[in-house]
Amino acid sequence: MRLKTKIILICCISTLFSSIVSSAAVYLLVKSNSIDAAQAQSVQNALAGFTELEKKITALEDRTGREPDWEVLQYFMKQQKDDMLLCFVQTVGGEDIEVYNETVFAQADLESLPYHPLIDLAAEEAELTWGGRHFFIYRQEQGGSYTIYKLEDITYVWERMRMLGIGLVILTCVVTMLVCAFLFFILSRVLQPLKELNAGAKLIARGHYDERIPVWRKDEIGTLSDNFNRMAEAVQCRIRQLEEAEWKRTLFMGNLTHELKTPMTAISGYAKTLLTVKLPESDKEEALSYIYEESCRLERLSKKMMNLLLLEESENIERQEVPASVLFAHAAEACRQSLWEDGIRLECQEDGQVFVADADLFTEVLINLIDNARKASKRGDRILLSAKERVIEVQDFGTGIPKDEREKILEPFYMIDKSRSRKSGGAGLGLAITALILKHHDCTIRMESELGQGTRVILQFV
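The sections below set out a description of the structure shown in this document.

Thresholds, definitions, all that
Residues numbered from 1 in each chain as written. Predicted model: local features only at pLDDT ≥ 70, side-chain atom pairs only at ≥ 80, totals over all residues. Heavy atoms only, no water. Helix = DSSP H or I, 4+ residues; strand = E, 2+ residues; numbered from the N terminus. Buried < 20%, exposed > 50% of the residue type's maximum accessible area, 1.4 Å probe, protein only. Contact = heavy atoms within 4.5 Å. Disulfide = S-S within 2.5 Å. Phe/Tyr/Trp six-rings, centres within 6.5 Å; stacked < 30°, edge-to-face > 60°. Core = buried A, V, L, I, M, F, W, Y, C linked by side-chain atoms within 4.5 Å. Pairing = 2+ DSSP bridges. Axes fitted to C-alpha atoms, helices over the stretch in contact; angles between N-to-C directions. Salt bridge = Lys/Arg side-chain N within 4 Å of Asp/Glu carboxyl O. Parallel < 35°, antiparallel > 145°, perpendicular 65-115°, else oblique. Left-handed = near helix turned anticlockwise from the far one by under 90°. Nonpolar A, V, L, I, M, F, W, Y, C, P; charged D, E, K, R; others polar. Patch = residues over 30% accessible without salt bridge, like charges linked within 9 Å, V, L, I, M, F, W, Y side chains within 5 Å. Areas by Shrake-Rupley, 256 points an atom, 1.4 Å probe, with all protein chains shown as cover.

What follows deals with the overall build of the protein. When helices and strands are tallied, the protein shows 11 helices and 13 strands. Counting the 462 residues in the protein, one finds 37% classified as buried. At a minimum sequence separation of 6, the contacts of the protein that also span at least 24 residues come to 62%.

See below:
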C-alpha cells in the first residue's frame, strides 16, 4: 500500500471515529436536555391543570357543602376540553368508575406503571411508550375518593432526536468525505517532492547519474531531497573517476603499444639487415649503435609513458632546455626509413631556437606529427619541419583534413581514413598521445588545413 494511501486511510479513520464520538456526545447531550425541558414543561402544564381543576372543585364544595358526585366531576372534566385528562372515582364498594377518559388507556394500564413522587407537586410521575408515542403521566388523588391522570405527549422530542440523529450521520459522512478530499489534495502537494525523489532514484538506478531533484522546500522533505542530490553528485563523481581511471588504463595500453612500434620497427629493420646483408665494419657498428640507442630510448620511453599516464594532472614532468636541432635530428632519424620507403622528403628549418621540454617525449610528438603528415602525402611530396620563437610547425602538402574532423582527430582511437590507418598499422592514438604530452608541456596545438592542399600543425609554447 502506498504511503499516501496509508496516511489518508489513517486520517480518515481517525476523523470518522472523532466525528462518531462527537456526534454521539452531541446526540446524548441534546437528548438529555430536550427530555429534561419537555419534562419540566409537562410538570408545569400538569401543575396548572391540576390547580385549575382543584380550584373549581373546591369552589363547588364550598357552595354545596359536600364533595361533588361523579356526574358533576364529569361535567367539570368536559369543560376542561383536554383529551389527555382522565378521572376515575372510587365508590364505597371499591369499584372504580370511569368519569372522564378520551384516551385508549384503561385505569389498570395506568395503575401498573412505576410512579415516583414529585417534590414540588403533590402528584406522581411515570413514563409510558405506546404505539410509537411517548408520554409523561402524572397522577394526583383529590379528596381521597377520585384520582386524576394528566398525560403529556412528548413524541415530538423523539421525532426531533430522530431527525438530529439522521442529520448527524449525514454530517459525519460529509465531513469524512471532505476530509478525504482535502487530505488527498494536501498530501498530493506535500508528497510531490517524494514522488520526484522516487522518480530521480529510478533514473539514477537506470544510469542517469546527472539527474537531480529540484529543492523547493525547507522542511524535512527538502532536506531529504538536498541530501539525495548530494548523494547523486557523489555517485556521479565516483563513476566519473572510475570511468576516467578505466579510460586511462585502456589508453595507456594502447599508447604504449603504439609508441613501442616505431623504435621496434627500426630495431627490427637494422637487425634484419645485419642478418641478411654483408655490411662493411663501419656500417655494422653504425647499425649496432643505432639499435643500442633505440633500445635505450625505448626503455626510457616505456618508463616515461608509464609515469606520464599514471600521473595526476596537477603533477609535472621534468623538463629542460633542448635545442630545436636536437629534437629535429632525433625525429628525422626515427622517421628516415619510413619516409625513404614512401619517397617523401623531410626538410628541417631552425635557427638555433631552444625549447624547454622533455627531449624523449617531445621527440615522440614530432615523430607522430611527421608520421601523420607522411600518411597524408604521396610519393614525391615533401614535409616541412620548422622552428620559430616559441613555435614549432609541421607542414605537409597532402590530402588535408576536413573541417569537421579537425577537433575529433585529437580523440583516442579516432581515424579519418580507417582503412588506410589500419593498413599502415595505426590505431588512432598518435595525436591523442601528442595532445597529452603537449598538455604536460603547457603547449597548445592548432591546425590549419585545406582539402587537397595540405595541413599545417602549429605547436605554441606558452
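Now that the structure is up, let's keep going.
This part covers the state of the cysteines. This structure, assessed with the given rule, holds one disulfide. With its sulfur 2.4 Å from that of its partner, Cys12 forms a disulfide with Cys180. One end of the pair, Cys12, is in helix 1 (residues 3-64); the other, Cys180, is in helix 4 (residues 155-190), and 168 residues separate them in sequence. What makes Cys180 partly exposed here is its relative accessible area of 25%. The thiol of Cys11 is unpaired, and the distance to the nearest cysteine sulfur, on Cys12, comes to 6.9 Å.

With the rule as written, the count across this model stands at five aromatic pairs. Geometrically, the ring pair formed by Phe105 and Trp130 is edge-to-face, given 5.7 Å between the ring centres and 75° between the ring planes. With Phe105 in the loop between strand 2 (96-100) and helix 3 (107-111) and Trp130 in strand 4 (residues 124-130), the pair connects residues that are 25 residues apart, well separated along the chain. Overall, the relative accessible area of 7% leaves Phe105 in the buried class. Put simply, the rings of Phe105, Trp130 and Phe135 pair up and form one aromatic cluster.

The next point concerns the nonpolar core. Phe362, Leu366, Ile392 and Leu459 are the most contacted members of the largest nonpolar core, which totals 36 residues. Residue assignment for this core shows that the elements contributing at least two residues are helix 8 (324-342), strand 9 (354-357), helix 9 (359-376), strand 10 (382-388), strand 11 (391-396), helix 11 (430-440), strand 12 (443-450) and strand 13 (454-461). For this core, the element with the highest residue contribution is helix 9, accounting for eight residues. Not counting residues up to four positions away in its chain, the partners in contact with Leu366 are Leu327, Phe328, Ala331, Leu385, Ile392 and Leu459. Formed by 24 residues, the second largest nonpolar core is a distinct cluster that contains Tyr100, Leu118, Ala123 and Ile148.

So, about the sheet that holds strand 10. Strand order across the open sheet formed by five strands is 8-10-11-13-12, with mixed pairing between neighbours. Both outer strands of the open sheet, strand 8 (345-349) and strand 12, are each paired with one neighbouring strand and no more. Averaged over all pairs of adjacent strands, the angle between their axes in this sheet comes to 15°, without regard to strand direction. As defined by bridge partners, strand 10 adjoins strand 11 across six bridges and the pair is classed as antiparallel. The partner of Ser386 across the bridge, within strand 11, is Glu393. Of the strands in this sheet, strand 8, strand 10 and strand 11 touch helix 8, which is tilted by about 170° from strand 10.

The next subject is the pattern of salt bridges. Evaluation of the coordinates by the stated rule reveals 17 salt bridges. With its nearest N and O atoms 3.3 Å apart, the salt bridge here joins Glu159 to Arg162. Here the residue Glu159 and the residue Arg162 both occupy positions in helix 4, the gap between them amounting to three residues, near one helical turn. The partly exposed category is assigned to Glu159, whose relative accessible area is 39%. One connected set of salt bridges, linked through shared partners, spans Asp342, Asp371, Arg374 and Lys375.

Now for the packing of helix 8 against helix 9. A pair of packed helices is characterised by two quantities: the angle between their axes and the separation of those axes. Interhelical geometry of helix 8 versus helix 9 gives an angle of 30° and a closest axis separation of 9 Å. One way to sum up the angle between helix 8 and helix 9 is to call them roughly parallel. Between helix 8 and helix 9 lies a crossing of right-handed hand. Note on element contacts: helix 9 touches helix 8 through Ala359, Phe362, Thr363, Leu366, Ile367, Ile370 and Arg374, opposite Leu327, Phe328, His330, Ala331, Ala334, Cys335, Ser338, Leu339 and Asp342. For the contact of helix 8 with helix 9, a count of residues per class yields 11 nonpolar, three polar and two charged.

For the rest of this paragraph, the subject is a nonpolar patch on the surface. There is a patch of nonpolar side chains on the surface, built from Met163, Ile166, Ile170, Val174, Met177 and Leu178 and spanning about 590 Å² of accessible area. Within the fold, Met163 resides in helix 4. A relative accessible area of 51% places Met163 in the exposed class.

Quick look at the environment of Thr434 now. Position of Thr434 among the secondary structure elements: in helix 11. Sequence separation between Thr434 and Leu361 is 73 residues, and the spatial gap between their C-alpha atoms is 8.9 Å. When residues no more than four places from it in sequence are discounted, the contact partners of Thr434 are Val365, Asn368, Leu369 and Ile445.

Okay, the environment of Cys443 next. Mapped onto the secondary structure, Cys443 falls in strand 12. Spatially, the C-alpha atom of Cys443 lies 10.0 Å from that of Ile458, the residues being 15 residues apart in sequence. The contacts of Cys443, once residues within four sequence positions are left out, are Leu438, Leu459, Gln460 and Phe461.

That is the geometry; function is a separate question.
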